[in-house]
Amino acid sequence: MFIIRKTNTLRMTVTALLTAIAIAIPIVMPIKVLIEPASFTLASHVPIFFAMFLSPAIAAAVSLGSAVGFLLAGFPIVITMRAMSHVVFALVGALYLRGKREELLSSPVKSVFFSFWIALVHALAEVLVVSVFFFGLAPGGTYQDGFFYAVFMLVGVGTVIHSMVDFFITQVVWKSLGKRMNQIAVKVS
């Protein structure tokens, strides 16, 4: 006897499209700032935030795709591993947003607060990854600057700012797509 499972083709398609965009951005985006161990690629978190608005599983898949994109783009291993840490903030954010997406996106105060809160989670995960390389616990990084500047300021504070900018871009795009995006979100979640 065969067991036939219902697959959500829309869910798989949206996940694949967002993952493809997440892979392509680090490869083709012309606006990149690389100050090791930090890197700032404009809009690199947009597909991840989009995925967070949809579901935790999609958010995790797109985050992993983003890390593949940084690897394929030839970024140093520390930056690729920072991208891999995006799974943490993506899952935390997606789990929090379950059932609260509309409320959060419709309130400027709540959305800024969420953006800052999730940016702190994002920065903490990246600071932990870079600390492993900074202290020589993993090969691939030698840093001349001190911990405060290289890890705390460049990666920590830089990530908070970069994350909040990308969240704002995502929010503008999501809202501009209007009701259609909300209908897709209901179908894939």
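Refer to the structure presented above.
Because the structure is predicted, anything quoted here is derived from the model rather than measured.

Draft legend 1. Up close: helix H8 (residues 147-177). Counted at 1.5 Å a residue, the expected span for H8 with its 31 residues is 45 Å, and the 42 Å between its end C-alpha atoms agrees. A bend of about 30 degrees at Met153 is the largest found in H8. Following H8 by one or two positions, Gly178 adopts a phi angle in the positive range, close to 65 degrees.

Draft legend 2. Expanded view of the nonpolar core. Counting residues in each nonpolar core, the largest one holds 31 residues, and the members touching the most others are Leu18, Met52, Leu54, Ile58, Val62, Phe114 and Trp174. At the level of secondary structure, the elements contributing two or more residues to this core comprise helix H1 (9-28), helix H2 (46-54), helix H3 (56-72), helix H5 (86-97), helix H6 (101-106), helix H7 (108-134), H8 and helix H9 (179-188). Sort the elements by how many residues they give to this core and H2 lands first, with eight residues. Ala67, Ala83, Val130 and Val151 belong to the second largest nonpolar core, which has 17 residues in total.

Draft legend 3. Just the environment of Ile21, in detail. Looking at the element boundaries, Ile21 is found in helix H1. Put simply, Ile21 and Val62 are 41 residues apart on the chain and 8.8 Å apart in space, counted from C-alpha to C-alpha.

Draft legend 4. Focus on the side chain of Thr80. Tracing the sequence through the fold places Thr80 in helix H4 (residues 77-84). Taking the relative accessible area as the measure of exposure, Thr80 reaches 5% and is therefore buried. The contacts of Thr80, once residues within four sequence positions are left out, are Ala67, Phe70, Leu71 and Phe75.

Draft legend 5. Spatial organisation of H1. If you check H1, its first and last C-alpha atoms are 28 Å apart, about what 20 residues at 1.5 Å a residue would give, namely 28 Å. Looking at H1, one finds that the buried residues are Val14, Thr15, Leu18, Thr19, Ala22, Ile25 and Pro26. The buried residues of H1 occupy an angular sector of 130 degrees when the element is viewed end-on, so they sit on one face. Within H1, the exposed residues directed more than 90 degrees away from the buried face are Thr9, Met12, Leu17 and Val28. The secondary structure elements touched by the buried residues of H1 are strand S1 (32-35), strand S2 (38-41), H2, H3 and H9.

Draft legend 6. Structural detail: the pattern of salt bridges. Counted by the stated rule, this structure contains three salt bridges. Taking the shortest distance from any N to any O, the salt bridge between Glu126 and Arg82 comes out at 2.7 Å. Of the two residues, Glu126 sits in helix H7 while Arg82 sits in helix H4, which places them 44 residues apart along the sequence. Pair check on accessibility: Glu126 and Arg82 agree, each one buried. Ionic pairing is found between Glu102 and Arg101, a salt bridge with its closest N-O pair at 3.4 Å. On the accessibility criterion, Glu102 (38% relative accessible area) is partly exposed. With a relative accessible area of 12%, Arg101 lands in the buried category.

Draft legend 7. Highlighting the packing of H3 against H4. Closest axis-to-axis distance for the H3/H4 pair is 8 Å, and the angle between their directions is 170 degrees. Of the possible angle classes, the one that applies to H3 and H4 is roughly antiparallel. Across from Ser63, Leu64, Ser66, Ala67, Phe70 and Leu71 in H3, the residues of H4 making contact are Ile79, Thr80, Ala83 and Met84. Here the contact of H3 with H4 is built from residues that sort into seven nonpolar, three polar and no charged.

Cut-offs used in this document
Here the residue numbering is sequential within each chain, running from 1 through the sequence in written order. Per-residue local features of the predicted model are confined to residues with pLDDT of at least 70, and side-chain atom pairs are confined, for both listing and counting, to 80 or more; whole-chain, interface and lining totals are unaffected and use all residues. Side-chain metrics in this entry use all non-hydrogen atoms of the structure; hydrogen atoms and water are not considered. Helix and strand assignments follow DSSP, with helices taken as H or I runs no shorter than four residues and strands as E runs no shorter than two, numbered in order from the N terminus. To estimate the expected span of a helix, count its residues, drop one, and scale the result by 1.5 Å. Note on bend: at a given residue it equals the angle between the axes fitted to the 7 residues ending there and to the 7 starting there. Residues enter a nonpolar core if they are buried and are Ala, Val, Leu, Ile, Met, Phe, Trp, Tyr or Cys, with the set joined through side-chain atoms within 4.5 Å. Only protein chains enter the calculation, and the probe is 1.4 Å; a residue is then buried if its accessible area is under 20% of its type maximum, exposed if over 50%, and partly exposed in between. The contact criterion used is simple: two residues touch if any of their non-hydrogen atoms lie within 4.5 Å. Arc definition: directions from the helix axis to the C-beta atoms. We count a salt bridge whenever a side-chain nitrogen from Lys or Arg sits within 4 Å of a carboxyl oxygen from Asp or Glu. Between the N-to-C directions of two axes lies an angle of 0 to 180 degrees, each axis being a line fitted to C-alpha atoms and, for a helix, fitted only over the stretch in contact. An angle below 35 degrees is treated as roughly parallel, one above 145 as roughly antiparallel, one from 65 to 115 as roughly perpendicular, and anything else as oblique. Amino acids are sorted into nonpolar (Ala, Val, Leu, Ile, Met, Phe, Trp, Tyr, Cys and Pro), charged (Asp, Glu, Lys and Arg) and polar (every other residue, Gly among them).

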